[in-house]
Structure formats: structure tokens, C-alpha cells
Number of protein chains: 4
Amino acid sequence: MKNIRQQKIDSFQELRQNKARLLIHCPDQPGIVSAVSEYLYQHDANIIESSQYTTDPKGGEFFMRIEFEAGDLDSKKEELEEKFIPIAKQFAMDWRFSYVYQVKKMAIFVSKELHCLRELLWEWQSGDLTADIPLVISNHEQAREIVESLGIPFYYIPANKDIRKQVEAKQLQLLKDYQIDFIVLARYMQILTPDFVAAQKHRIINIHHSFLPAFVGAKPYERAYERGVKLIGATSHFVTDDLDEGPIIEQDISRVDHRDNSEDMKKIGQSIERSVLARAVKWQLDDRIIVHKNKTIVF
Amino acid sequence: MKNIRQQKIDSFQELRQNKARLLIHCPDQPGIVSAVSEYLYQHDANIIESSQYTTDPKGGEFFMRIEFEAGDLDSKKEELEEKFIPIAKQFAMDWRFSYVYQVKKMAIFVSKELHCLRELLWEWQSGDLTADIPLVISNHEQAREIVESLGIPFYYIPANKDIRKQVEAKQLQLLKDYQIDFIVLARYMQILTPDFVAAQKHRIINIHHSFLPAFVGAKPYERAYERGVKLIGATSHFVTDDLDEGPIIEQDISRVDHRDNSEDMKKIGQSIERSVLARAVKWQLDDRIIVHKNKTIVF
Amino acid sequence: MKNIRQQKIDSFQELRQNKARLLIHCPDQPGIVSAVSEYLYQHDANIIESSQYTTDPKGGEFFMRIEFEAGDLDSKKEELEEKFIPIAKQFAMDWRFSYVYQVKKMAIFVSKELHCLRELLWEWQSGDLTADIPLVISNHEQAREIVESLGIPFYYIPANKDIRKQVEAKQLQLLKDYQIDFIVLARYMQILTPDFVAAQKHRIINIHHSFLPAFVGAKPYERAYERGVKLIGATSHFVTDDLDEGPIIEQDISRVDHRDNSEDMKKIGQSIERSVLARAVKWQLDDRIIVHKNKTIVF
Amino acid sequence: MKNIRQQKIDSFQELRQNKARLLIHCPDQPGIVSAVSEYLYQHDANIIESSQYTTDPKGGEFFMRIEFEAGDLDSKKEELEEKFIPIAKQFAMDWRFSYVYQVKKMAIFVSKELHCLRELLWEWQSGDLTADIPLVISNHEQAREIVESLGIPFYYIPANKDIRKQVEAKQLQLLKDYQIDFIVLARYMQILTPDFVAAQKHRIINIHHSFLPAFVGAKPYERAYERGVKLIGATSHFVTDDLDEGPIIEQDISRVDHRDNSEDMKKIGQSIERSVLARAVKWQLDDRIIVHKNKTIVF
């Protein structure tokens, strides 16, 4: 299995080598696109894909994502970043470069339900999720077998609300040790403290098993069944202090009818959860998501 | 235009003449289907379509809808109903017969936004909505032209929360005069009193412009935009005393993204509202909906 | 009704006044975006929306659509176009400017089935389709009433395969007289000659009542029913000489099951046809579609 | 992992013990439902779910699926079947009983692409696919690791068109040895001979990676890309002699756009293939599919 993954990764290696992305957010004003594209042109960078969005043509916020290719990227990236600083200053930009050859490190947190974990591992295993997964953390033992069978370290850290601080201290240490870029809560059923969340701002992706903002909180399928809805959904979002209130990345739904009880809904819903979370994680890996206030721009 | 409608109606006339539907709700127990189908067989009624549902195989509730055909239905329907009474008693049934040739009378209430009204009038005009629409009631004048151009009486009854009782008194009188079977609120933006709702139990169908239970109440598109959802929806439901809390008949959604402002969402949403409401109304006309507690069974 | 339309149109008038779109197609090479955005910046044009696409990062084709705003657009548009010529030459561009205040003139051709025509007229009437509809042409009389009731001239031109040339001569004269920009075949059931099509290259939008390339040709719903498909669809495409083989603009589908006969499928399908055609027409009006070989890029 | 599966299976054991399904197909005539439901009532069988369909109310074909529960089913099933024979004769029925405790044996055939195989194994492993999978057969070695890791025998049988007969002889022997009920072609890229297909009539389920009847045959994603479609799909169907022409069980689609090349379409399509095939297999296991001519009725 690992061979398929390795082959796919190797075959993309050359392709990735000279690719980068530039993400920009600033007040809208004339001349931004002109300045940025002129800058890239001067550095022999060829634009592969470019997307932009302005909240309001009259004095709104400007967002941009450019994917470009430039020869010898590794050796000239410092110069590239340095030369961008004046432009960034001129337009008061939030900005960052992301280099495709620097594969992102993603930690997965999971509890007892394994369907979302499996979808991610599967995509990873087949080489379609271009991330490193240095570790999986769980407050239960159910996931150990599948995780370790793929050669990924599995950390069992029992958790409950009374020991939250100690648990998170251990988790934070692991995230640091493994130099994790972002966390995926693949049905991790523990509430995180504000400190933990603050330390990982916009770097924790959760999957909630309802079409938010409907059925915030616990047992959404049971409540969907009680309410008699005709569609059920799932929502992937960044985690903020307010439970299930963070910026939404992706949502999807599936049709149900009166014959489906809450168990059926749960089963149907798992399929939506899997694909919604997988899409959100891929967009994160491709640097397609910009958070603005409590919303996401997905380029 | 009316000619198309009339032609279609005439062509179905013979087909409809001998068709009826029997709707049943009772505690589940062995022998119900056997008793009902034996009864229909004895009365030379041929089952065209039959659907049933049990909430729980062990001691649940039983629901059934049978569409059947029987020669000379009009002349023998009294006997048919009378002979069914012992069976209904034996199984403690809620039941009703509905004769397809008795075309249902539907009143439409509307305010300023006409897209749902138009969808219904269009389907009616093309002969695909087999209802009579004896009148349209509105608290605004916008709909008059289109309604009267189709030869349907239009009643303008200005409304606000201070004169709610008087307004509803006029409306109730009209419903009585025109012998209305059920009401469709096609974006009627006035709250109905509990008395009015109680008098029309499960006979008022509303369209709410969100995917309930998300965004209950006013301005759902604005709130959907503020929340940054990736899908917007519409919900058709029976009206109960609790605003937007009645039994859901049908829902659907459409994808939106960060570029869509609340105006765009409103426009995209109108298309969903139209089709969701049209489906709910058709199911109502076909006697496909049974309300059980706060849910619907749609056969 | 016309008042709603007029109000909406008036309210957008100012907004539209200074808006334009620039569409570009050329061989990909570094510097295009830089040159175009610099040019717009120099002419005080503010980019509102910009999309680009390259078929292949290595030596492919480059496509771009920019929507921009510039003060006094009407008075300076000639200069704007003239100054663009050197850039266009440098990069070997196909290009065109489109001014939003120049409302496009669209002719609708229809036969007996009116659902697509109605959808378009409805959107037009409510001010959401920013086109002029100077005339409707039909080979039947069914549409006359609805068309004339909206004050639009209706031309009845009977047609069959033996008189195709004469019919098209009349049609071409009308298109010329009314200075038509493009044609919508809203279920017009006559085959067009190669001459007619050639004279309107990429300016005829058709709706085909199947999910192309399945069920090319006549009676697609009947054939879908015979084949036992579980989904039916509709396709909007530009008309080329090869029947139903032109560049696809938009497609959508709806679920059916074994209970749906070909009549039911037709009815369900009409709803898809309406929305698919309406979307394609809106994208055409917004200059979002670029045809490349036998495909469309929809920005 | 196997523990989760075993637990789930055990927990349903009791539930399954006394459940059966009766499938019927006969010419429509009055009295069928009455006779069948009376018969079940007399044998103390409680109807859990019942569905019926008539192709045409006037002289069509009648289809029925009844799921029922009866105490001591195992000991009385012979009597049950025997007593049904007179009814079956009276109405000229095709019929069969299916006992839920007799878990169906399903063979999976696969080539190099493993996504459909994995989806099925995953569902099986988590106890949601109530089948036995006694073996997997492949003409390649790629699937061996995953199959054997779950304790399922894996048979590698190299195949090509010159040795088709010998290959199928081996396969048939294995199907016989393992007493296989039906076969799932989970992306098995070899054509089967008419003899093989005839021996397994309506017992081979295939997944085709297009929205049939579009793109029958090889390389559908490449051809979908060439044609410029805006939706891609997948189709699960029973295999017949005519390639990709067998009765369709389930279909679904996903949206694509001009940016998706054939590789992207393939990746997007795999997700549809997985879910479409999984649904078809579940319906097969639940005896929900009746084949009639070249179509399926899915109850």
C-alpha cells in the first residue's frame, strides 16, 4: 500500500519542486493586481492559477491567492520574500508565501467513531492527500490498530473534563515535538479549552455532524430525527471558542425521509461527514482557505 | 392559456372519475393490511398504488395510503364508506377517503414577493396542478395584475399587527364563502393568530426561506450571509402556533459561496422556494401527506 | 408587472453606467496578467472581478475575464480600446470589451412547449434578466398570448423541412431588423441549416432535454424511460452543425425511479430544463462564457 | 477491527432470526394483495415493510416486496413456502422467499484500482454490510495486502482475452467451492464471456465509471473531458451480454468545471463510484431489487 503512495508522491516531486502560493489580504484599492503581477513577472514567476475577491467594490477588503511556478525556487525564495515586503507595505497587506514542496504536517484527533479518520488515512495512503500525518491522538483505543498498521504513531491520551488542562498539555507537547502545522478533529468528542484554541488559531479543522447552524451541540442526528427534517448535513469549520460557531469551510447534505430513524440518519450522515471533511482538509493543504472575520473565502 | 389547462383537465377527467384514496393511521397490529385489502377486493376496487409505514415493528403506529380504482365510484361511495366503518373500529383507525374527482379548493395568501405565487399559478395554468384556486388574498396590491389576468378573484386586505383580528375575520369569511379546503402561504409575511391556525389545523402550508431549523424567524438570507454558510435552503411546512416549528413537508438546498452576498442568496433562494413549495402543494393535492405529532409521513 | 422590472432596471442604471468586461484568449506566456492589470491601472479602471484559466501551465492557452469600473466610461471607451491594441498584438490575443450599459438584445425561438420561454420571460419581467427581448419567433401560435401580453412582438413563422430556407430567410431578416445579439432556442423543435448556424457562430443557445451526450436527438425522455435510467437531465449548449454536439454551457439532473413513466420524466425534466437554460442565458448576458474548440470556459 | 464487526453482527442476530422477505412478480389483477396479506396473517407473520408497483393499472405487471417477521421462522419456513404454492399458482407468480438469517455470500472481483473494493471492505468491516465475503479474485496483485489483512482469501488469476475461457473456468470453480450467491465487479477490467454471464444471470453487479448511457465502453473520464461535460457520473448495473447495457440499479453524478482535467475527473468520479456501488450492493443484500426486462425496480 505504501508503495502506491510513495510512487504517486515521487511522481509529483518534480512538479511540486518549483511551485508556490501567495496569499494576500488588504484594503481594496486600485493597483494591487498590477503591482503583484508585475512583481511576479520580474522574478520570472509564471502564474498558474489566480483568484481574487473583493467584499465590496467601494472600499471593501481585497483577497487574492496566486499559484505560481518559478525555476530554482528553493534557492531564490528568500530574495523573493524580501522583495515583496515593499509592495506588502505599500498596500498594507497581510500576506504569506507557501511552498508546495514543504509538505504540511497534520495531526489527527479522533475518539471512537473511525469513519472520518479512515477516509483521511485512505486518501493519504493512496497518495491523494499530500500531507504528512506524523501522529494520531485519541482519548480511546479503537483507532490504534488501523493507525499503527499504516506505520503512524498512535498516542492514547484518556480525557475528560476534569483533567482537560493536563491532557492538553500533553497534546501541545506532542504537537510541538512533531512540528505540526494544523490539527484535524476527525470526530474528536472532547471540548477544547480557550487556551488550546487560541494557541492554534485557524489551525484546527472540525467536522460537525449537522448542517450548521441547525443542531449546534450534542446529538444532532437524534435532534434532526425528532424535528422531522427531510435533509441531513455535515459541516466542516475552523474551531473557535464558541462551540460550533467557527468559520464554515464546507457543508453538504443528503436526503432522508420518514422511514429513516436516527440510526439510519447517523449512517447516511457518516458518508457526508467523510466527504465534507476530506474536501476541507484538501483545501487547507492547497492553501485555498482565507479566514476573514467569521467566514471563509475558499478559492 | 386557459385552453391548455382546460384540455389537460378534460383529458384526465375520465381517468379521475373512478379513482379514490384511503388514508389510515392506527396502532400497529397483525391483520390490518389483510383486512383492508380484502375489503377493497370485495368491493371490486383495484389497488393502483399502496404505501405503508410503521414507526416501530414492536408496538408502533401504522400508516397507510392506498390509491384505488372502482367502477361507478360516485354512486357507490356511500356504501363503500359505510362498509369500512367496522374495520376502522376493529383497528381503532383514524381514516379518510378522498375522491380524486372532487378537486380540492386552495386559497393562496401572498405579500409583495411574487415568485412562489407565480410558480403555483403557472403550474395551475398549464394543468399540472389539479386544484381549483378560487381566490388569492394579499395585504399588498402587487399581485393583483397577474392574478386577475388569469380570471382569479383577488382580495386586497391590508394587514398589520394591530388589526390582526379584523383582518383574519375577513379572511375566514372568504375561506368559508369559497369553501376552501386548504391555504398556501406563498410568502405571506404576516403572523397568524393561534385562533386562525387552530381553525385550519394542518390545512395551512407555508414556505420558509431557510433550511429549518436554521434561521427560524425574520431575514434568513441576511443571517445566512452573516454566518457564512456554504448552502442555503428552503422549507415547506404546516403552520402551527410555534413560528416556523410546524411539521416539515419538504426541504431543499442550493450551493452558495463567498462571492454571494445576501441579495444573491435571496435570488438563488427564490428558485429553491418555488420548487419546494410546488412539490409540497402537489403532495397535499395527491393526499400523500399524513401528519403524525410534529412530523410528516410523505407517501 | 412592468413597473417592477422598470424600477429594478432603473436602480441598477447608475451601477451599470461605468462597468465593463474585458475577455481575452491567447497563448499562455509570462507577463500577460501584469500587462493587462498595469494597463487597467493606468486608465483608472478598478478591477471588480477577475478570473483566469490556463489549459496547461506548460505552453497552453490562456483565458481571462476581467470586470472593471472606470469613471466616464462612455466618453473614454474609444481611447480605452485603442490603447489596448498594442498589448493585444504583443500577446496575440483574441479579445473584446463588453460594456454593461449596452444591454444585449436576445431573440427567443420557441415551438409548442412554453415552460422554458416562460421562465425566461418571468426572469426578464422581474428585472433579473438584464436583456432586451425585442421579439419572439415561433412556428406555432401557442406562445402568442403570453408574449404579446408582455408587450413583446410575436412572429408566427410556420416551418417544416421543405421550406427551411425561406423560413430562415424571414428569421434572418427579423434578426437584422431588430439588431439581435444572440438567439435562445427555448424548445424550438426545428433543425437549423448550416448556413443559419454559421451566420450566428456561438450566438445560438439551445436547451436539450437530456444529459448529453446521453440521448442525443429526438424523444430523450421516452428513451431515458426505455433505458431505465435513475437520473434524468438537461443540457444547455451552443448550436453547431452537429446536432446536440455543440459546446456545453450547463447541465443538471434530477432523480427519478421505476414509478416514473416517460410522462412523469418529461414533467420532472421541464423543471431542470428551465433552470439550466436560465443559468446559461444569464452567463451569456454577463459575458462569462468563452468557447474554446468544442468546450466552454464559464468564468 | 473484526471485533467491531462481530459485535454489530451479534447484536443484530436476534433481530434477524425471524425476519424474511417475499418477492413477487405476476400479471396484475384484483385480489393479489388481499390473498398475500391474508396468507401472511394466517401464518402469524407481521408485515414490517411492504412495497408494490404496477407498470400499468390496466393489465400491467405487478411487483411486490414484503418484509415480515414470524416466530420460529427457521422451523416453519418449509410449511410457509409449501402453503404459498397454491396462491402463487392462482396468480401465475414468479416468487421467492429470502431469509434474513441466511447471510448472502458475495465474491468481489477487482483489478488495479482499489477504491471500490476498499469502500465495500470498509462497510463490511464496520458491520454495515451484512454479507459474507468468502473471497476476492483479481487479475493483479495490488489488492492482496488489504484483502489478506482482513483475513479474506485472495485469489490471483492473471487474465487476458486469449485465456478467457481457462480463467473463467477457475473462477467458476471457486464460486462453486465457496457457494457464492452473487458477484460484485469492483472495477474489474476484464470482459466476461456470454457463458459466464449466462451462468450468473442477474447475479453480477458492475460499476461503470460514467453516467450511462453516456460514455459506454473504455476511458469514460477521458471522453467526458473531451466532450466538455459539466457533470460526471457513475452507474451500477447488472451485467448482461451487451457491454454496459444491463439493467441499471443506481446512478449518481458530481459537478465538474473547465478547470478539471481528466485526472481530476477520475479522482472526483472515484468518490461517486464508491457510493453508487455501495448502495447497489446494499439493496441487493436487502433483496430490494427486482429485474424486469432491461430495468430494475428498486423497492
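Reading guide: rules and limits
Residues numbered from 1 in each chain as written. Chains lettered and ligands numbered in written order. Predicted model: local features only at pLDDT ≥ 70, side-chain atom pairs only at ≥ 80, totals over all residues. Heavy atoms only, no water. Contact = heavy atoms within 4.5 Å. Buried area = accessible area lost by both parts, 1.4 Å probe. Salt bridge = Lys/Arg side-chain N within 4 Å of Asp/Glu carboxyl O. Polar contact = N/O pair within 3.5 Å; in protein donor to acceptor, adjacent residues only side chain to side chain. Helix = DSSP H or I, 4+ residues; strand = E, 2+ residues; numbered from the N terminus. Pairing = 2+ DSSP bridges. Axes fitted to C-alpha atoms, helices over the stretch in contact; angles between N-to-C directions. Buried < 20%, exposed > 50% of the residue type's maximum accessible area, 1.4 Å probe, protein only. 1 Å grid on protein atoms, 1.4 Å probe; cavity = no way out; pocket = protein on both sides within 12 Å on 5 of 7 lines; lining within 4 Å. Points joined across faces, edges and corners; volume = space filled by probe spheres on them. Nonpolar A, V, L, I, M, F, W, Y, C, P; charged D, E, K, R; others polar. Arc of directions from axis to C-beta. UniProt positions renumbered as here; feature names shortened; annotations may be inferred. Least-squares fit on C-alpha atoms with pLDDT ≥ 70 in both. Phe/Tyr/Trp six-rings, centres within 6.5 Å; stacked < 30°, edge-to-face > 60°. Expected span 1.5 Å × (residues − 1). Parallel < 35°, antiparallel > 145°, perpendicular 65-115°, else oblique. Left-handed = near helix turned anticlockwise from the far one by under 90°.

## Some details on the interface of chain B and chain A
And step 1. At the junction of the two partners, chain B supplies 32 residues and chain A supplies 32 residues.
And step 2. Overall, the association of chain B and chain A removes approximately 2800 Å² of surface from exposure, summing both partners, and the carbon and sulfur fraction of that is 54%.
And step 3. The tally of links between chain B and chain A comes to six salt bridges.
And step 4. Residues Arg-227 of chain A and Glu-245 of chain B are paired through a salt bridge, measuring 3.8 Å at the closest nitrogen-oxygen approach.
And step 5. For the pair chain B and chain A, the interface holds 20 residue pairs in polar contact (both at pLDDT 80 or more).
And step 6. Taken together, the elements giving at least two residues each to the side of chain B that touches chain A come down to helix H8 (220-227), strand E12 (248-255) and strand E14 (295-298) of chain B.

## Section: the interface of chain C and chain B
And step 1. Taken together, the contact pairs 15 residues of chain C with 15 residues of chain B.
And step 2. Regarding the contact of chain C and chain B, the summed buried area is about 1600 Å², with carbon and sulfur atoms giving 53% of it.
And step 3. On inspection of chain C and its partner chain B, the count reaches eight salt bridges.
And step 4. Between Lys-267 of chain B and Glu-123 of chain C there is a salt bridge whose closest N-O contact spans 3.7 Å.
And step 5. Mapped onto the side of chain C that touches chain B, the elements with two or more residues apiece are helix H4 (115-125), helix H5 (144-149) and helix H9 (262-285) of chain C.
And step 6. In terms of residues, the side of chain C that touches chain B owes the most to one element, H4 of chain C, which gives six residues.

## Focus on the sheet that holds strand E7 (residues 154-156) of chain C
Residue and element names in this part refer to chain C.
And step 1. The strand order E7-E6-E5-E8-E9-E10-E11 describes an open sheet built from seven strands, whose pairing is mixed. Each having just a single partner strand, E7 and strand E11 (248-255) make up the two edges of the open sheet. Direction aside, the axes of adjacent strands within the sheet are offset by 20° on average.
And step 2. Both strand E9 (residues 204-208) and strand E10 (residues 231-238) contribute to a ladder of four bridges, which runs antiparallel. Bridge pairing links Ile-205 to Phe-238 in E10.

## Focus on the pattern of salt bridges
And step 1. Following the criterion strictly, the structure yields 121 salt bridges over all chains and no others.
And step 2. Residue Glu-123 of chain A is joined to Arg-274 of chain D by a salt bridge in which the shortest nitrogen-to-oxygen separation is 3.8 Å. Linking Glu-123 of chain A in helix H4 (residues 115-125) with Arg-274 of chain D in helix H9 (residues 262-285), this pair reaches from one chain into another.
And step 3. Residue Arg-65 of chain C pairs with Glu-67 of chain C through a salt bridge whose shortest N-O separation is 2.8 Å.
And step 4. Owing to a relative accessible area of 0%, Arg-65 of chain C belongs among the buried residues under this scheme.
And step 5. Exposure remark for Glu-67 of chain C: the relative accessible area of 8% places this residue in the buried category.

## Focus: the layout of surface pockets
Residues and elements named next belong to chain B.
And step 1. Of the volumes computed, that of the second largest pocket is approximately 830 Å³.
And step 2. The wall of the second largest pocket is formed by 32 residues, among which Tyr-188, Met-189, Gln-190, His-209 and Ala-218 lie closest to the centre.
And step 3. Put simply, the parts of the chain that give the lining of the second largest pocket at least two residues each are helix H7 (194-199), strand E10 (204-208) and H8.
And step 4. The element contributing the most residues to the lining of the second largest pocket is E10, with three residues.
And step 5. A class-by-class count of the residues in the lining of the second largest pocket yields twelve nonpolar, eleven polar and nine charged.

## Topic: helix H8 (residues 220-227) of chain D
And step 1. Of the residues making up H8 of chain D, those classed as buried are Pro-220, Tyr-221, Ala-224 and Arg-227 of chain D. The arc enclosing the buried residues of H8 of chain D, seen along the axis, measures out at 125°, which places them on a common side.
And step 2. Those residues of H8 of chain D that are buried are in contact with E11 of chain C together with strand E10 (204-208), strand E11 (231-238) and H9 of chain D.
And step 3. Among the residues trailing H8 of chain D, Gly-228 of chain D stands out with phi positive, at a value near 75°.

## Observations concerning the UniProt feature "active site" (unreviewed entry) in chain A
And step 1. In this structure's numbering, the residues bearing the UniProt feature "active site" (unreviewed entry) are Asp-244 of chain A.
And step 2. Relative to the helices and strands, Asp-244 of chain A resides in the loop between strand E11 (231-238) and strand E12 (248-255).
And step 3. Every residue in contact with Asp-244 of chain A, bar those within four places of it in the chain, is listed here: Asn-206, His-208, Leu-212, Val-216, Gly-217 and His-237 of chain A together with Arg-227 of chain B.
And step 4. Separated by 3.4 Å, the side chains of Asp-244 of chain A and His-208 of chain A make a polar contact.

## Here's the deal with unusual backbone geometry
And step 1. Looking along the chain, the bond that leaves Leu-212 of chain C and enters Pro-213 of chain C is cis, with omega of 5°.
And step 2. For Pro-213 of chain C, the position within the fold is in the loop between E9 and helix H8 (220-227).
And step 3. Phi is positive for Arg-187 of chain D, close to 65°, though the residue is something other than glycine.
And step 4. Checked against the element boundaries, Arg-187 of chain D lands in the loop between strand E9 (182-185) and helix H7 (194-199).
And step 5. Judged by its relative accessible area of 5%, Arg-187 of chain D falls in the buried class.
And step 6. Non-glycine residue His-202 of chain D carries a positive phi angle of around 60°.
And step 7. Relative to the helices and strands, His-202 of chain D is located in the loop between H7 and E10.
And step 8. Using a relative accessible area of 26% as the deciding quantity, one classes His-202 of chain D as partly exposed.

## Thoughts on the relation of the copies chain C and chain B
And step 1. Overlaying chain C on chain B yields an RMSD of 0.0 Å, the required transformation being a rotation through 180° with an accompanying axial translation of 0.0 Å. On the angle and the small slide along the axis, the relation comes out as a two-fold axis.
And step 2. Interface overlap between copies is the fraction of interface residues in one copy that are interface residues in the other; for chain C against chain B it reaches 100%, indicating a shared surface.

## So, the relation of the copies chain B and chain A
One copy of the chain maps onto the other through a rotation about an axis plus a displacement along that axis.
And step 1. When chain B is fitted to chain A, the residual RMSD is 0.0 Å, and the transformation amounts to a turn of 180° plus an axial shift of 0.0 Å.
And step 2. Counting the interface residues of chain B, we find that 100% of their copies in chain A are interface residues as well, pointing to one common contact surface.

## Describing the UniProt feature "domain: ACT" (unreviewed entry) in chain A
And step 1. Mapped onto the present numbering, the UniProt feature "domain: ACT" (unreviewed entry) falls at residues 21-95 of chain A.
And step 2. Counting secondary structure, residues 21-95 of chain A comes out at 39% helix and 36% strand; the distance between its end C-alpha atoms is 10 Å.

## What to know about the side chain of Gln-52 of chain A
And step 1. With respect to the element layout, Gln-52 of chain A can be found in strand E2 (residues 46-54).
And step 2. Ignoring anything within four residues of it in the chain, the contact list for Gln-52 of chain A reads Val-33, Phe-62, Phe-63, Met-64 and Phe-299 of chain A together with Ile-47 and Ser-50 of chain C.

## Topic: the packing of aromatic side chains
And step 1. Overall, the coordinates contain 48 aromatic pairs over all chains when judged by the stated rule.
And step 2. Between Tyr-39 of chain A and Phe-84 of chain A, the aromatic rings sit 5.1 Å apart at their centres with planes inclined by 55°, giving tilted as the arrangement. Of the two residues, Tyr-39 of chain A is situated in helix H2 (residues 32-42) and Phe-84 of chain A in helix H3 (residues 73-90); the sequence distance between them amounts to 45 residues.
And step 3. The class of Phe-84 of chain A is buried, set by a relative accessible area of 0%.
And step 4. Arranged with centres 5.7 Å apart and planes meeting at 90°, the rings of Phe-84 of chain B and Phe-97 of chain B form a pair that is edge-to-face. You can see Phe-84 of chain B sitting in helix H3 (residues 73-90) and its partner Phe-97 of chain B sitting in strand E4 (residues 94-99), a full 13 residues away along the chain.

## Structural notes on H9 of chain D
All names here are of chain D.
And step 1. For H9, built from 24 residues, the straight-helix expectation of 34 Å at 1.5 Å per residue is met to within 8% by its first-to-last C-alpha distance of 34 Å.
And step 2. Measuring from the backbone nitrogen of Glu-263 back to the side-chain oxygen at the start of H9 gives 3.0 Å, which picks out Asn-261 as the cap.
And step 3. Backbone geometry just downstream of H9 places Asp-287 in the positive-phi region, at approximately 55°.

## Digging into the packing of helix H2 (residues 32-42) of chain B against helix H2 (residues 32-42) of chain D
For any two helices packed against each other, the geometry is given by the interaxial angle and the distance between the axes.
And step 1. Taken N-terminus to C-terminus, the directions of H2 of chain B and H2 of chain D make an angle of 150°; their axes are 8 Å apart at the nearest point. On the basis of their axis angle, the class for H2 of chain B and H2 of chain D is roughly antiparallel. Note that H2 of chain B runs across H2 of chain D; the crossing there is left-handed. In contact with Val-33, Ser-34, Ser-37, Glu-38 and Tyr-41 of chain B of H2 of chain B, H2 of chain D contributes Val-33, Ser-34, Ser-37, Glu-38 and Tyr-41 of chain D.
And step 2. Looking at side-chain class alone, the contact of H2 of chain B with H2 of chain D contains four nonpolar, four polar and two charged residues.

## Description of the packing of H8 of chain D against H9 of chain D
All names here are of chain D.
And step 1. Remark: H8 packs on H9, axes separated minimally by 9 Å, with the N-to-C direction vectors making an angle of 125°. In this view, H8 runs oblique relative to H9, as classed from their interaxial angle. Crossing handedness for the pair H8 and H9: right-handed. Across the interface between the two elements, Tyr-221, Glu-222, Ala-224 and Tyr-225 from H8 touch Ser-262, Met-265, Lys-266, Gly-269, Gln-270 and Glu-273 from H9.
And step 2. Looking at the contact of H8 with H9 residue by residue, the classes come out as four nonpolar, three polar and three charged.

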